[in-house]
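Analysis of the macromolecular model
Here are the chains, one letter per residue:
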Amino acid sequence: MKKMDEMDRNIRMRSESWGYRVAMLFLWIWLMYSLYKSKVDGAKFELVPWMILTISSTVQFVSETVMKLKMVAGDEEYKEDRKSRILFELIFGAAVLIFLIIYGGAFILATAV
C-alpha cells in the first residue's frame, strides 16, 4: 500500500470536503421540501433529514473544536485567548443545538395534532 504524500492528502481532504458540502446541501433541500409539504399539503413531517443534518453538524462542530484544543494544548501564546474562544463556541453551539431540538419537537407536536 502506497503511503500518501501531502498532495494526495490535500486532494482527498478537498474532495471529502466537497462531498460533505453537497450532502449537507441536499439534506437541507430535503428538509425544506419536507417542511413545505407538511405545511402546504398537510403531509407528515419527515424526521430523517432533520436528524441526519443535526447529528452530522454536531459531530463536525465538536470534532473541529476538540482538534483545535489539541493543537494549541501546549502553546502558551494561544492558551487564554484560544480557550475562551473555544468555550464560547461550545456554549453557542450547545445553545443552537438545544434550540433546534426544542423547535423540532414543537414543530412535530404542532403537526401531529
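Right, let's get into the overall build of the protein chain. Within the protein chain, the secondary structure is distributed over three helices and zero strands. Overall, the protein chain shows an N-to-C arrangement of helices and strands of α-α-α. The burial tally for the protein chain puts 17% of its 113 residues in the buried class. In the protein chain, 53% of the contacts between residues at least 6 apart in sequence involve partners at least 24 apart. Summed over all atoms, the accessible surface of the protein chain reaches about 9300 Å², with 69% contributed by carbon and sulfur.

Take helix H2 (residues 47–71) next. Here H2 contains 25 residues, and its C-alpha end-to-end distance of 36 Å stays within 8% of the 36 Å for a straight helix at 1.5 Å per residue. All buried positions along H2 are accounted for by Pro49, Trp50, Leu53, Thr54 and Thr65.

Turning our attention to the layout of surface pockets. Rolled over the atoms, a probe as big as a water molecule pinpoints where empty space is left. As a volume, the largest pocket reaches approximately 440 Å³. What lines the largest pocket is a set of 21 residues, and nearest its centre among them are Thr54, Ser57, Val96, Leu97 and Leu100. The residue inventory of the lining of the largest pocket, partitioned by class, reads 16 nonpolar, five polar and no charged.

It is worth spelling out helix H1 (residues 6–40) at this point. Here H1 is 35 residues long and its end C-alpha atoms lie 50 Å apart, about the 51 Å a rise of 1.5 Å per residue gives. For H1, the full list of buried residues reads Met24, Leu27, Leu31, Ser34, Leu35 and Ser38. After H1 finishes, the residue Gly42 shows a positive phi value of roughly 75 degrees.

Before going further, it helps to examine the nonpolar core. Core analysis: the biggest nonpolar cluster contains seven residues, these being Met24, Leu27, Leu31, Leu35, Phe45, Trp50 and Leu53. No other element matches H1, which puts four residues into this core. Setting aside residues up to four positions removed in sequence, Leu53 forms contacts with Met24, Leu27, Trp28 and Leu31.

Let us now look at the pattern of salt bridges. Under the criterion given, the structure shown has one salt bridge. Residue Lys37 is joined to Asp41 by a salt bridge in which the shortest nitrogen-to-oxygen separation is 2.7 Å.

Before going further, it helps to spend a moment on the packing of aromatic side chains. On inspection of all chains with the given rule, the structure shows zero aromatic pairs. When the ring centre of Trp18 is taken as reference, the NZ or CZ atom of Arg21 above it lies at 5.2 Å.

Together, Trp18, Val22, Leu25, Phe26 and Ile29 make up an exposed nonpolar region whose accessible area comes to about 530 Å². Along the chain, Trp18 turns up in helix H1. On the basis of relative accessibility, which here comes to 55%, the residue Trp18 falls in the exposed class.

Quick notes on the rules
Residues numbered from 1 in each chain as written. Predicted model: local features only at pLDDT ≥ 70, side-chain atom pairs only at ≥ 80, totals over all residues. Heavy atoms only, no water. Helix = DSSP H or I, 4+ residues; strand = E, 2+ residues; numbered from the N terminus. Buried < 20%, exposed > 50% of the residue type's maximum accessible area, 1.4 Å probe, protein only. Contact = heavy atoms within 4.5 Å. Areas by Shrake-Rupley, 256 points an atom, 1.4 Å probe, with all protein chains shown as cover. Expected span 1.5 Å × (residues − 1). 1 Å grid on protein atoms, 1.4 Å probe; cavity = no way out; pocket = protein on both sides within 12 Å on 5 of 7 lines; lining within 4 Å. Points joined across faces, edges and corners; volume = space filled by probe spheres on them. Nonpolar A, V, L, I, M, F, W, Y, C, P; charged D, E, K, R; others polar. Core = buried A, V, L, I, M, F, W, Y, C linked by side-chain atoms within 4.5 Å. Salt bridge = Lys/Arg side-chain N within 4 Å of Asp/Glu carboxyl O. Phe/Tyr/Trp six-rings, centres within 6.5 Å; stacked < 30°, edge-to-face > 60°. Lys NZ or Arg CZ within 6 Å of the ring centre and 35° of its normal. Patch = residues over 30% accessible without salt bridge, like charges linked within 9 Å, V, L, I, M, F, W, Y side chains within 5 Å.

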